[in-house]
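Secondary and tertiary structure notes
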Amino acid sequence: MACLVASLIIPLLLVFEVRTVQRSKGVCAAKSSCNEGGDAHFLQACVSNTPSDHFLMENEHDSEAYFFLNAVCPHLTKTPNVPLCCDTSQLLQLKNQMEAVRTLLRRCPSCLQNFQSMWCNVLCHPDQSTFVEVTAADPYSSYSKSQSKWANADGRFDDDAPSKYNESVDAVTVYLTEDFATKLYQSCASVKFPSTGLYVISAMCSGRPPSTCGPQKFLDYIGAKSNRRSPSDFTFVVVDETTQTPSGIKPLDLDLFHCSESGFNNSEPCSCVDCPQSCAKMDAPVQSVSEDEATRTPWRLLGVSGYVILVSVAYIAISCIYIVVSYMHCLYYKKPDLDNSVFLPPSNQGHKSTSTKSQGMACSGGGANNPNGGNSATGSDCGANGAVGGGCQSSEAVIVEIGVFEQISRRFQKGLNRFFYKWGLTMASQPVAALLFGTMLVAICSNGLHYVRWTTDPVELWSSKTSQAYQEMQHFNAHFGPFYRIEQVIVKLKPNTTAPTDPFYTPSKAADKARPSKFSPILDAHILHEVLYLQENISSLVVYSERHERNVTLSDVCHKPMAPLNDNCAVMSVTEWFQNSHENIDQVRYKTARKRVIVADHYKHLAACIESSTRIDDGTPLHRSCLASWGGVVDPLIALGGFQDAEYERASALVITFLVRNSLNSRETELAEDFEAGYLRKVREFQVEHPHLSVAYQAQRSIEDEIERESAGDIKTVLCSYLIMFGYITLCLGRVGGCSLRSLVDMKVTVGIGGVVIVMSSVVCSIGVFGFIGVPATLIIMEVVPFLVLAVGVDNIFILVQYFQRYRPKNKDESLEVRIATVFSRVAPSMLLSSSAEALAFFLGAMTPMPAVRTFSLYAGMAVAFDFLFQITCFVGLLTLDAKRQRGARLDVACCFPVENCDKARQQEGMVYSLFRNYYSPILFSDTVRPLVIVIFGGWFIACVCMMPHIPIGLDQSLSVPSDSYMRDYFSAISEDLNVGSPVYFVLKGPFPYDDPDKRKLVCGLAGCSLDSIVEQISRAADESNVTKIAKMPNSWVDDYLDWSDPQSGCCRFYEDDQRKFCNASVKLQSCNTCEFDGGRLEGDQFYDLLPFFLRDIPTADCPKAGKASYADAVSLQSLDRQMEGDTSGDGERVMVVASHFMTYHTALRTSQDFTEALTQSRLLAAKISDTIGIEVYPYSVFYVFYEQYLTIVEDTFFNMSVSLVSIFLVTFFFLGLDLVSALFVGLTILMIIVSMCGLMYLWDISLNAISLVNLVMAVGISVEFCAHTVRTFAVNPNPSRLQRAKDSLLEMGSSVLSGITLTKLGGILVLGFSNSQLFKVFYFRMYLGIVIFGAAHGLAFLPVLLSYIGPSTKELRHRPNVQAPVSAANSVKQRCRTCNCCRTSSPVDTKTPSDAFNKDKRRRPNKNTTRDNSLLASSSAAGNAHNIDGTSQTIDEDTLLTDKAERNSKSGESELISTSADENVDSLMIESKRVAALTGPSRKLLDNCVSESNVDSLINV
C-alpha cells in the first residue's frame, strides 16, 4: 500500500540544472512531458523558463483532464483560459497516480484534497517559477521527442518546437510556507488503514508513527525518488522566519482544509477516527479498578491505611480495658469473704443472693492447680446461699417457668437418645446384617460409575451455561465459527551465546556483512534461516491419527483465508515477508546512484515491510513484496516481540503463529489435536538441536495435556498423603494392653481400616448416584471430596471409639450390645448434628452458578450423607464385632487366633486425653490465659477482616501446570515479549438496516459518519488504552465495503455481457464494467446484492480493499432466495446480514487482573455503543468465558458462605432443641475460621478463584467438626457452672477432635508440600493446612474459653421451678476451703474431682442397684459429672420416676441408659463423703478452723 501511496505523491518530473532563471509570475520552471524517467517509467517534465501558455478547454479532448483539475485545484479553473504549466498528458498521469492514493486517503476528504491540491499546484500553477527551482536536469531522449506535443510523426521537432526543450527535470526544490506544510501534515496525520488500524502516515514516513514523524520527514519521504514512485527527486524546503531563500522565491502558501472542516463541494469533514479534532467531547474515561481503589483511600501513615490504624488503636484500647476489668473481677472473687461463705449456718442465710449473670465472669480459682476451676460460689454452686444439707434457697434469677422451647428441647433430646439407643442396640445385635446392608448399597451405587461423564473441558468447568459470557460465546460460534486453535512459537537468542553454523543453508554475503545498528541480533539472516527451517518442518509434518487411521498434515487443519485461489496456510511470521524463501532472505542487490553504491539486502526489505506490511513492492532494488505467501498481511505487531514504543527493529523475539481451524465437529477437532501432538514433538526436537536459541511454544491442547500430566505425576504424592492418614487412623484408635501380646489384641487396625473403607465407599456411592442422574464429574471431586469426607468420617470415628473406650458400665453383667447402644445414644446425636449441618450446607451451596463449585457441593453433600449412613450402620456393626474379638482375647486382623494366658486389658486414659486433663485444660482456663485468648483471637479476626478486601482475584496460569512444564516458559515469554493481546470482537447481535445510508452512519468510520458510531467509539477507547485495554481502532468491514464499491476504486465490476456475473479485480479484461448506483451511492437492495461479491473478492494490488482475506468470517449472511441456497458461486444471491463483528485487539494482558479489567471495560464500552446505535452489541474474546467468573467471584463467595452459615445455624438450632444461643456460637466460630482463612490467603498470596472458593466451601463443612461437638456437649451438660461445663466439654470432645481430625489431616497435608504441582502447593497444601490449624485453634482454644464466659446457661436449673440445685458435699467442703484460703495445701480433697475419685475407687466399691433419695439425685445432677454429656438428667420428680422404672426393668437396656447418670453421680458423691470423713491430722485441723464440727458432721451425714 505504501508504494501506492508513494505513487500519488510523485507525479511530476520537474528538474533543471543550476542556471540563470527567471522567477516571476506567469513563468514556468518546467512544463510538458519530455522524457521517461524513474524506476516506474513515469514521464518527466521538461526543463523550462518560459511563460505558462497551456490552456485546457472543455472540449472532448481535454474534458477528462479539465474535470480532474477542476476537482482538485478549482482555483485554477475559476477564470476561463488561464495559462498553465502542465498539459493534458501530465494531468492524466497525475490523475492515475491519485486514484491509487484515493483508496487510502478517501476516508478523510480534507486530507485527500489537500494532498492533491499541493501536487497539482506544483505541476500546473501559472506562477510555478516563484516557488519551484530546478536543481538538476538530464538530456532528453528520442522517446520524449516522439511523445512530445511538438514532435512530428517521424520524431522530429516541428519548427514551432522551442529550442529550450532539450532537457528533462531530474531534481527540483519546492519552497513551502511553514503554515502550509503543517496544515498539510496535520490533516493526514491521523488517517488509518481500516483493515489493520495502522496509520497511513507511517507508510509515507519511513514507518514512523505520527508522534515521531512531523511535516519535514513526511515531505522528505514523499519527495524522494528512491521510493520508485517518482521520476524525479523533490526536495521540500519549509520556509520559516530564519530560512534564507534565493532571490525571487515566494513560498507556496495556499488555504488548506483542516481535517475537521468541509472541503471542496461541501464534502464531509474527516471522521473522528481519522481526525481527533472532529471528535465530540469524550466522556470521562472509565476508571480502572486499581485506580479506583487508590482514590478510595483518604490518607495513609507510614504506608499503612488510616482505617487500619484507627481500627488497630481502637481494638488495643478496648482489649486493655477488657483485660483490666477481667483481672479485677477475678481478684475480687478470690478474696476471703466469710460472710458470703457457703458453709454459714441456717440462721445466717439471709445475706444477699448472687445472680446467675456472674457465671459469665467466673474465675478459675486455683488456676492451673485447680482443674475444677471456677468460682462456683458465684452462681455456679448456688453462690453464697443455702445450707449444705438442705440445698440452696430459691432465687428469682434461677427459678423460672419452663417455656415452650425448653419443653420441646427436653422432649427432642430425650427422643433422640431413645431413638439412637434402639438403633444402636439393633445394629449391635445384628452386626453382620448391618455390614451386608452397607455392602449391598455400595454395590448398587457403584453401578452408576459406568454412567459417569468425566469432564476436563475448561469451559464446562468454570463457566455456567446461563452466564453471559457463555451465551455470547455460543452466539459467536454459531454465526462466525469458533475462534482459531493457536499454535505459537516464540524464539529468542540466549544471552552470551554464539550461533553455530547451520548445516541446512549456506550463509551469504548478506548474512556475513555487518548488521545495521538499529537492528537487533534476532533479525540476522542466519536466525531467520533457522526459524524458516522450523516453519518448513512444521508445514511438511505428517502425523498419523490412530483414532481416525489416517495421516494428518498442517494443510488438512489450518486456516486458508485465500482458498481456493491460494491454498497456503495462514502463518504469522517474519519469514512470510520473504515468502518463506531462503533465496529471498539471502538475495542482495546493488545499485549505483550518484557515485554511491546502494546495497539492498534482507535488512532493507525488513525495514520496508516494518514501515508498511501491505507493500506490493518494498521500494528497494530487490522489488520484493511484503505480503505473505498466503496472500495476506503480517502485522509486525504480531510477528515481532520484545520491543518498545513501536521500534520494531529493536525486537528481541520472533513470534510464529499457526492458525488452525477450530470446529464444532468432533472429528475435525480430534484431527487437529493429533496434529498438535506431532507439532509439539517437532518443536521440542528443534529446541534440542538449537541450544543457542530460547524456544517457548504452546499448542491449543497444551494446557489440558499438562494438567493431565500433573495429575498423573501427583498420584504418588496424594497416595502417600492418604496412606499416612490411614496409617495414623489404624494405629491411634487402639490401646496398649497389660502384656506384649495384649497390644496385638487391643489394636484397632481392623476398625481403622473399616472406617477408611467406609469413607471411600461414601465417595464411590456419591459418584455412582450422580452418575445415574447424569451430573458430570470433575477432577476436583477426586482431589477434594475424599479429603473432606475423610475429615468428617475420621472425626466421628474417633469420637465414637474413644467414648466407647472411656465408658464405664455400671455393672459387670451389662451386655456388650447394651454398652454399645448406650455409648451410641450419647454420641450419635452429635454426629447427626455435624453431618446434617455439613450436608445441608453443601447442598444449598450447589445453588451457585459456577459449575465447578456446584458440582463439588453436590458430590460433597451426598458423600457426607452416605458417610453418616454407613457410620450408624456398618461401623456400629464393625465396632461390635471388634469388641467381641477383643473381649475374647483374639488377635486384631487375625481374629481366628486367640491369645492364651494374657491379663485382661486395663482401662487406661489415652495420651491425648491425659494431656488435655492434666496440662492443656488447666492452662487454658487459668485466669491469666483466658482473657489473652479472647484478645488474641479478637485481634486476629479484626486484622483478617481488614485484609479481606485486598485478597488478589484470579488464577496465575503458570500455577496450573507442573513446575517443570514447558508451558511455564511460554507464559513467561508472552508476559515479557508479546506487545499485543488477544483479538476482541464487538458483535452486532441481530439484523441492522445497513441499506439505509442514514442508519449506516452509526456503524461506519468514514467521513460523514456519526461521531458516536461503533467505529468512532472503539477508536476513541483505543486512545485511552491504558484504561480501556483496547489497543487499536477496529477493522471495519462497512468502511472497506463502501471503499470497494466506489466506482473510482475499480474493484466493483461486472461482465459487460452478464450483469449478474462478478468480474474480479485481478481479471484484466476490457469487457468488465464498473458498478453504477442509483443516486451515486450504495443503498437499498444494492447494498445486500453486492455484499456477497465483496466478501468473496480476493485482494490484489489493484484492489486491496477486497474483503475475502479480512472479512470473510466477519459477516453472517442469511439467504433470502430459497431457490438459490444451493448456488455456491453467489452470483445473484439475495441476502441479509443477521450478525457482524468489528475486530480490534486488546493491549498486552499479563495478569489475571489485566484480563478481568479488559473484560469489564469492553462490556462497559459495548453497553454504551448499544445505547447509541439502538441494537445489542456485545464484546467477545476467547478468554472472556474463563475470566467472567472473577467479575462476580466476591459476590459468589459471599453468597456461598452466607448460605452455608445460615444452613448450619438452622440445623444446629433444630438439633439442639431450638437452642438459639448455641446455634449462634457455632455460626460465630465457623465465621471466624473462614475469615481467618481469608487472612491467610492474603498473607500467603493465595488468590480468590473457583479452586479457592471450593476450598472455602469445604472449610465451612470441616469447621463444623471442630465446634459442633463441643457446643452440643456444653449445651446438654447440667452443671450450672459455665467454666466447669467448658472444661468438661473440652476434655470429652476436644481430645477426640485433636487426635481425630486434627492430627490425622495434619500428617497427610504436610506431604502435599512436597508435590511437584504448584497448584497443589498453593491451593491444597496451604489452604488445607490453614483449615486444620485455624479450625483446631478456634475449636480447641477460642470456643471453650468463649463458652466459659458467655455460653448458654444450663437447662437443668431452669427445669427445677421450686428447688434450686443443692451443692454437693465434697464440692461444698472444697468451696469453703477455697473461700477462706485455708486449704492451699496439697490435699486430695482440693485436687480431685468427684468423677476422678469415682474412676479410682470404682473397682473397690460393691455394685449397688438401689433407689436414691430425690434430693440426692438433684444434687448429683448439679455436680457436673464429666461423663454425663447426653443431657438425660431431668427434674427431681422425673428422676424419681426414672429410677423406679429402672428398678422395675433392671434387665432392660433402656432403663440402664436412663438411670446411668443418676447412679454414677450418687456413687461419686458417696465416695467423696467417705473421703471427707477419713480426713485426719493437719488436714482435718485445717478444715476445723474453717467450719464448725457440726457443719462437717452434717456434711458427712449427707
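Remember, predicted model here, so these are calculated numbers, not experimental data.

Conventions we followed
Residues numbered from 1 in each chain as written. Predicted model: local features only at pLDDT ≥ 70, side-chain atom pairs only at ≥ 80, totals over all residues. Heavy atoms only, no water. Helix = DSSP H or I, 4+ residues; strand = E, 2+ residues; numbered from the N terminus. Buried < 20%, exposed > 50% of the residue type's maximum accessible area, 1.4 Å probe, protein only. Contact = heavy atoms within 4.5 Å. Areas by Shrake-Rupley, 256 points an atom, 1.4 Å probe, with all protein chains shown as cover. Disulfide = S-S within 2.5 Å. Pairing = 2+ DSSP bridges. Axes fitted to C-alpha atoms, helices over the stretch in contact; angles between N-to-C directions. Salt bridge = Lys/Arg side-chain N within 4 Å of Asp/Glu carboxyl O. Phe/Tyr/Trp six-rings, centres within 6.5 Å; stacked < 30°, edge-to-face > 60°. Lys NZ or Arg CZ within 6 Å of the ring centre and 35° of its normal. Core = buried A, V, L, I, M, F, W, Y, C linked by side-chain atoms within 4.5 Å. pLDDT = per-residue confidence, 0-100. Left-handed = near helix turned anticlockwise from the far one by under 90°. Nonpolar A, V, L, I, M, F, W, Y, C, P; charged D, E, K, R; others polar. Parallel < 35°, antiparallel > 145°, perpendicular 65-115°, else oblique. Expected span 1.5 Å × (residues − 1). Arc of directions from axis to C-beta.

1. A word on the overall build of the protein chain
What the protein chain contains, in helices and strands, is 53 helices and 23 strands. Relative to its full complement of 1502 residues, the protein chain shows a buried share of 58%. Contacts in the protein chain between residues at least 24 apart in sequence constitute 77% of all its contacts with a sequence separation of at least 6. As displayed, the protein chain has an accessible area near 60700 Å², and 56% of this comes from carbon and sulfur atoms.

2. Let's talk about the state of the cysteines
Per the stated rule, a full pass over the model turns up 11 disulfides. Across the disulfide from C28 sits C85; the S-S distance is 1.8 Å. Here the disulfide of C28 and C85 is left-handed, its torsion about the S-S bond being about -90°. Here C85 lies in the loop between α2 (63-72) and α3 (88-105) and C28 lies in strand β1 (residues 27-37), a separation of 57 residues in the sequence. Across the pair, exposure class does not vary: C28 and C85 are buried alike. Each sulfur in the disulfide pair C259 and C275 lies 1.9 Å from the other.

3. A word on the side chain of T873
Tracing the chain through its elements places T873 in helix α28 (residues 851-887). Given the relative accessible area of 3%, T873 is considered buried. Not counting residues up to four positions away in its chain, the partners in contact with T873 are W423, M427, A434 and F437.

4. Section: the sheet that holds strand β21 (residues 1115-1119)
Backbone-to-backbone hydrogen bonds join strands into a sheet, with any given pair of strands oriented parallel or antiparallel. Spatially, β21-β22-β17-β23 is the arrangement adopted by the 4 strands of the open sheet, whose pairing is antiparallel. For this open sheet the edge positions go to β21 and β23 (1177-1180), each flanked by a neighbour on one side alone. With strand direction ignored, the average angle separating the axes of adjacent strands in the sheet is 20°. In the sheet, strand β17 (residues 983-989) pairs with strand β22 (residues 1135-1145) via 7 bridges, with the strands oriented antiparallel. Within the sheet, the bridge partner assigned to Y985 lies in β22 and is M1143.

5. Comments concerning the pattern of salt bridges
Tallied over the full model, the rule gives 20 salt bridges. Across the pair E673 and R547 runs a salt bridge whose closest N-O atoms are separated by 3.4 Å. Residue E673 is located in helix α21 (residues 666-689), and its partner R547 is located in the loop between β9 (542-545) and β10 (550-553); the two are separated by 126 residues in the primary sequence. Given a relative accessible area of 46%, R547 falls into the partly exposed group. Ionic pairing is found between R709 and E706, a salt bridge with its closest N-O pair at 2.9 Å. Highlighted residues: R709 and E706, both in helix α22 (residues 702-713), separated by 3 residues, approximately one helical turn. In this structure, a network of salt bridges that share partners links the residues E472, R1163 and E1188.

6. Thoughts on the packing of aromatic side chains
Per the counting criterion, the structure on display carries 50 aromatic pairs. Among the aromatic residues, those joined into a ring-pair cluster are F992, Y994, W1037, Y1041, W1044, F1054, F1062, F1087, Y1088, F1093, F1094 and Y1111. The ring of Y1349 has R930 sitting right over it, with the charged end atom 4.4 Å from the ring centre. Sitting over the ring of F1274, R1285 keeps its end group 4.2 Å from the ring centre.

7. Focus on the pairing of strand β8 (residues 485-493)
The element β8 is extensively covered by neighbouring structure, given that 8 of its 9 residues are classed as buried. When β8 meets strand β15 (residues 653-660), the two strands line up antiparallel, connected through 8 bridges. Bridge pairing in β15 places E487 opposite F658. Relative to strand β16 (residues 693-698), β8 is paired through 6 bridges, and the arrangement is antiparallel. Bridged to V489 within β16 is Y697.

8. As for the nonpolar core
Taken as a class, soluble globular proteins show a tendency for nonpolar side chains to be buried jointly. Counting residues in each nonpolar core, the largest one holds 214 residues, and the members touching the most others are F856, F986, L988, Y994, I1014, W1037 and W1044. In terms of nonpolar packing, the next biggest core, distinct from the first, is built from 88 residues, V491, L541, I638 and Y970 among them.

9. Focus on the confidence of the model for the protein chain
Here the protein chain averages 75 in pLDDT, while 72% of its residues score no lower than 70. Highest mean pLDDT in the protein chain belongs to β23 (96); lowest belongs to helix α49 (residues 1414-1422) (37). Within the model, the stretch residues 37-41 combines pLDDT values under 50 with 10 contacts to residues more than four positions away or in other chains. The model gives residues 281-297 a pLDDT under 50, and that stretch makes 18 contacts with residues more than four places away or in other chains.

10. Side note on the packing of helix α41 (residues 1220-1243) against helix α42 (residues 1250-1276)
Where α41 meets α42, the closest approach of the two axes is 8 Å, and the angle between their N-to-C directions is 145°. In this structure, the crossing between α41 and α42 has a hand that is right-handed. Residues S1222, V1226, T1229, I1230, I1233, I1234, M1237 and M1241 of α41 form the contact with α42, whose participating residues are S1252, L1256, A1259, V1260, S1263, V1264, C1267, A1268, V1271 and A1275. Its residues assigned to classes, the contact of α41 with α42 comprises 14 nonpolar, 4 polar and no charged.

11. Quick notes on the environment of T173
When you line up the elements, T173 lands in strand β4 (residues 167-177). Judged by its relative accessible area of 10%, T173 is buried. Residues T173 and V237 lie 64 residues apart in sequence; the distance between their C-alpha atoms is 7.1 Å. Those residues in contact with T173 that lie beyond four places of it in its chain are F131, V132, E133, T135, T235 and V237.

12. So, the pairing of β10
The sheet contact formed by β9 and β10 spans 4 bridges and is antiparallel. Of the residues in β10, the one forming a bridge with Y544 is N551. Linking β9 back to β10 in an antiparallel pair, the connection comprises 4 residues, with E549 at a positive phi of about 50°.

13. Things to note about the packing of helix α23 (residues 715-732) against helix α26 (residues 779-806)
At their nearest, the axes of α23 and α26 sit 12 Å apart, and the two run at 10° to each other. Put simply, α23 runs roughly parallel to α26. Facing α23, whose interface residues are Y722, M725, F726, Y728, I729 and C732, α26 presents E783, P786, F787, L790, V794 and F798. Across the contact of α23 with α26, the residue classes break down as 11 nonpolar, no polar and 1 charged.

14. Considering unusual backbone geometry
Omega for the bond connecting A563 with P564 falls within 30 degrees of zero, at 5°, which places this linkage in the cis form. Structurally, the position occupied by P564 is in the loop between α17 (554-557) and β11 (571-572). Even without glycine at this site, Q579 takes up a positive phi of about 55°. Residue position: Q579 is located in the loop between β11 and α18 (582-586). Even without glycine at this site, D1245 takes up a positive phi of about 60°. The exposure class assigned to D1245 is exposed, which follows from its relative accessible area of 56%.

15. A closer look at α22
The periodicity of an α-helix, 3.6 residues per turn, causes residues three or four positions apart to be oriented the same way. For α22, with 12 residues, the first-to-last C-alpha span of 16 Å sits near the 16 Å given by 1.5 Å per residue. Those residues of α22 that fall on the buried side of the exposure criterion are S702, E706 and E710. Along the axis of α22, the buried residues cluster in a sector spanning 65°; they form a single face. Where α22 is buried, its residues touch α21, β16, α31 (966-977) and α44 (1318-1350).

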